[in-house]
Amino acid sequence: KGQGIMNTIFYSYEPYKGDMQRRNTGSLVAHETGEAVAYGLFNAQGRGTLFITPGTPVYQGMVVGYTNLSDDINVNVCKTKHLTNTRSSSSDDALRLITPKRLSLEEALEFIGDDELLEITPLNVRIRKRILDSELRAKARAKAKLQ
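Here the structure is a predicted model, which is why all the values come from computation and not from measurement. (Residues numbered from 1 in each chain as written. Predicted model: local features only at pLDDT ≥ 70, side-chain atom pairs only at ≥ 80, totals over all residues. Heavy atoms only, no water.)

Enquirer: Describe the environment of Ile-120, listing the residues and the values that go with them.
Expert: Following the sequence through the fold, Ile-120 ends up in strand β7 (residues 116-120). For the pair Ile-120 and Asp-133, spaced 13 residues apart in the sequence, the C-alpha separation amounts to 21 Å. (Helix = DSSP H or I, 4+ residues; strand = E, 2+ residues; numbered from the N terminus.)

Printed below as a string of structure tokens:
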């Protein structure tokens with residue numbers, strides 16, 4: 001629900017300056033659909049830098065952060081702690097989360113990889129994989145390596 005308008009004006013031609021430099025980091029990709037919780041984010045932040053906070057709705061294939069490794073990592077940010085007699089939900093208050101990195105529209109456009117798309121809504125700027133299902137994404141990656 002909305003309209004986006006993009007205008008461009010041609011300035012001039014310039015000599016070829018080589019291929020554009022792409023990022024060499026991988027993405028942290030949400031493994032399942034749900035709401036991000038502090039326990040799941042605490043486990044995921046050890047693998048890289050996050051883009052979301054607890055309570056953020058996520059879906060399978062959504063990029064929730066990045067890692068310094070070259071490959072993508074599937075993370076479960078919706079994972080909750082199993083409650084027993086010795087564990088309680090109030091112990092989640094002790095988890096220290098690092099402040100997430102907020103991407104502006106320009107930063108997100110610069111960040112996305114060849115297999116990613118940018119979703120822009122009035123409230124959010126989100127990055128997602130072209131193929132949302134992790135199994136289909138792995139098959140497509142294997143097929144691309146064979147070619």
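Enquirer: Describe the packing of aromatic side chains, listing the residues and the values that go with them.
Expert: What the rule picks out here adds up to four aromatic pairs. Consider the rings of Phe-51 and Phe-111, whose centres lie 5.5 Å apart with planes at 85 degrees: the pair is edge-to-face. Here Phe-51, found in the loop between β3 (49-50) and β4 (57-58), pairs with Phe-111, found in helix α2 (residues 105-111); they are 60 residues apart in sequence, far enough to count as distant. Per residue, the accessibility class of Phe-51 equals that of Phe-111, and both read buried. Lying over the aromatic face of Phe-111, Arg-23 brings its terminal NZ or CZ to 4.0 Å of the ring centre. (Phe/Tyr/Trp six-rings, centres within 6.5 Å; stacked < 30°, edge-to-face > 60°. Buried < 20%, exposed > 50% of the residue type's maximum accessible area, 1.4 Å probe, protein only. Lys NZ or Arg CZ within 6 Å of the ring centre and 35° of its normal.)

Enquirer: Explain the pairing of strand β1 (residues 26-30) to me, and be specific about the residues and the numbers.
Expert: Counting buried positions along β1 gives five out of five residues, so the element sits mostly inside the fold. Of the strand pairs in this sheet, β1 and strand β5 (residues 62-67) are connected by four bridges, and their pairing is antiparallel. Of the residues in β5, the one forming a bridge with Val-29 is Val-63. Relative to strand β6 (residues 73-75), β1 runs parallel, the two sharing three bridges. Bridge pairing links Leu-28 to Ile-73 in β6. (Pairing = 2+ DSSP bridges.)

Enquirer: If you had to explain helix α1 (residues 38-45) to someone new, which residues and values would you point to?
Expert: Restricting attention to buried positions, one finds in α1 the residues Gly-40, Leu-41, Ala-44 and Gln-45. On an axial view of α1, the arc spanned by its buried residues comes to 130 degrees, and they lie on one face. The inward-facing, buried residues of α1 contact β1, β3 and β6. (Arc of directions from axis to C-beta. Contact = heavy atoms within 4.5 Å.)

Enquirer: Before we move on, could you go through the side chain of Ser-134 and cite the residues and values that matter?
Expert: In this fold, Ser-134 is placed in helix α3 (residues 134-146). Filtering out sequence-adjacent residues up to four positions away, Ser-134 remains in contact with Gln-60 and Asn-74.

Enquirer: For the pairing of strand β8 (residues 125-129), give the residues involved together with the corresponding values.
Expert: Regular strands have side chains that alternate between both faces of the sheet. Where β5 and β8 come together, two bridges link them in antiparallel fashion. By the bridge assignment, Met-62 is partnered in β8 with Arg-128. As paired strands, β7 and β8 are joined by five bridges and run antiparallel to one another. Within β8, the residue paired with Leu-117 across the bridge is Arg-128.

Enquirer: Give me the nonpolar core: which residues, what numbers.
Expert: In this structure, Ile-52, Val-58, Val-64, Val-75, Val-77 and Ile-127 are the most contacted members of the largest nonpolar core, which totals 22 residues. Mapped onto this core, the elements with two or more residues apiece are β1, α1, β5, β6 and α2. Filtering out sequence-adjacent residues up to four positions away, Val-64 remains in contact with Leu-28, Ala-30, Thr-49, Leu-50, Phe-51, Ile-52, Val-58, Val-75 and Val-77. (Core = buried A, V, L, I, M, F, W, Y, C linked by side-chain atoms within 4.5 Å.)

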